[in-house]
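Structural overview
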Amino acid sequence: MSMFDALYIAATGMQSEKTLIDNISNNLANLNTPGFKKTRVEFTDLMYADSSSATSDIAKLDSEVKMGMGTSITSVNRDFTEGDLKATENPMDIAINGDGFFEVELGNGEYAYTRIGSLRLMDDGFLSTVAGKRLSANINVPLETTQLIVNKDGLVQAKIADEDAPIELGQLDVVKFPNEQDLDAIGNGMYLANEKSGGALYSQPGENGAGQLVQGFIETSNVDLVQEMISLVVAQRAYEVSSQIIRASDEMLKITNNLRS
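The rules behind these values
- Residues numbered from 1 in each chain as written.
- Predicted model: local features only at pLDDT ≥ 70, side-chain atom pairs only at ≥ 80, totals over all residues.
- Heavy atoms only, no water.
- Core = buried A, V, L, I, M, F, W, Y, C linked by side-chain atoms within 4.5 Å.
- Buried < 20%, exposed > 50% of the residue type's maximum accessible area, 1.4 Å probe, protein only.
- Helix = DSSP H or I, 4+ residues; strand = E, 2+ residues; numbered from the N terminus.
- Contact = heavy atoms within 4.5 Å.
- Lys, Arg positive; Asp, Glu negative; His and termini not counted.
- Salt bridge = Lys/Arg side-chain N within 4 Å of Asp/Glu carboxyl O.

Considerations on the nonpolar core
- Counting 23 residues, the largest nonpolar core has Leu 127, Leu 172 and Leu 213 as its most contacted members.
- Broken down by secondary-structure element, the contributors of at least two residues to this core are β6 (94–97), β7 (102–105), β11 (145–150) and β12 (155–160).
- A per-element tally of this core places β12 first, with three residues.
- With residues up to four places along the chain from it excluded, the contact list for Leu 213 reads Ile 94, Ala 95, Ile 96, Phe 102, Val 150, Asn 151, Lys 152, Gly 154, Leu 172, Val 174 and Pro 205.
- Judged by nonpolar contacts, the second largest core, of seven residues, contains Phe 80, Tyr 113, Val 175 and Tyr 191.

Here it is as structure tokens:
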């Protein structure tokens, strides 16, 4: 272990803390994004080395001591903890109270999954998300509909003018995954399944651990402003300390060079 090692070790700390600050920045930027799920950075220590190859007698005394070589980022995991539900009184806003996702079509034969239930009608009358992705349930709402009703168990009904009883339009299922934290984010609050996340598990809302649907509500971001600000302060201080280590190592190298001269 040498002062040069200290320089590189401190550099790994600065790089990792920079990534953490970038992640906190993205979380804070999406504080008011409906359905946004915050991410957290996971750190790990790097390999350990000894000084068994040291040439000086003094260094050989510490040859059995294992010294860490810094830190790195192992992963950036998404936290799917449910955000607060906010009343909008808009019947086209459907929130999932609990676990699960809505399934939408991407138009290329693939499906994506989202918790943003702010819906609208496409030109052909099918229910879609605000991002313009049709719900895979393929629910078509008649033009003469005066009221759209979505029950907590996912049954979708419509009240038609001059009709006493509402008519059934279809069923909205909730989709769960064995490892939802491994879903791939593609933007607009949508995610893709992969081998790590496991296959989609379809359930009627309220069954098999799936959340129930709540009409007239949207799910807010699950970003905790206070916690993120605390994490930001800690990350800033850690970055500052690593930079001070680099300055201290540089000063020590100057002293060593002066001794040699």
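Text resumes after the structure shown.
Side note on the side chain of Glu 17
- Examined against the element boundaries, Glu 17 turns out to sit in helix α1 (residues 3–29).
- Here Glu 17 occupies a buried position and makes no salt bridge, while the nearest side chain of opposite charge, Arg 237, is found at 11 Å.
- Ignoring sequence-local partners within four residues, the contact set of Glu 17 consists of Phe 43, Ala 235, Ala 238 and Tyr 239.

A closer look at the pattern of salt bridges
- Counted according to the given criterion, the structure contains eight salt bridges.
- We note a salt bridge from Lys 38 to Asp 79, for which the minimum N-O separation is 4.0 Å. Of this pair, Lys 38 sits in the loop between α1 and β1 (39–45) while Asp 79 is found in the loop between β4 (71–78) and β5 (85–87), placing the two residues 41 residues apart along the sequence.
- On the basis of relative accessibility, which here comes to 18%, the residue Lys 38 falls in the buried class.
- Here Glu 251 and Lys 254 are joined by a salt bridge, their closest N and O atoms 3.8 Å apart. Here the residue Glu 251 and the residue Lys 254 both occupy positions in helix α3 (residues 225–260), the gap between them amounting to three residues, near one helical turn.
- Here the residues in one salt-bridge network are Lys 37, Arg 115 and Glu 219, joined through shared partners.

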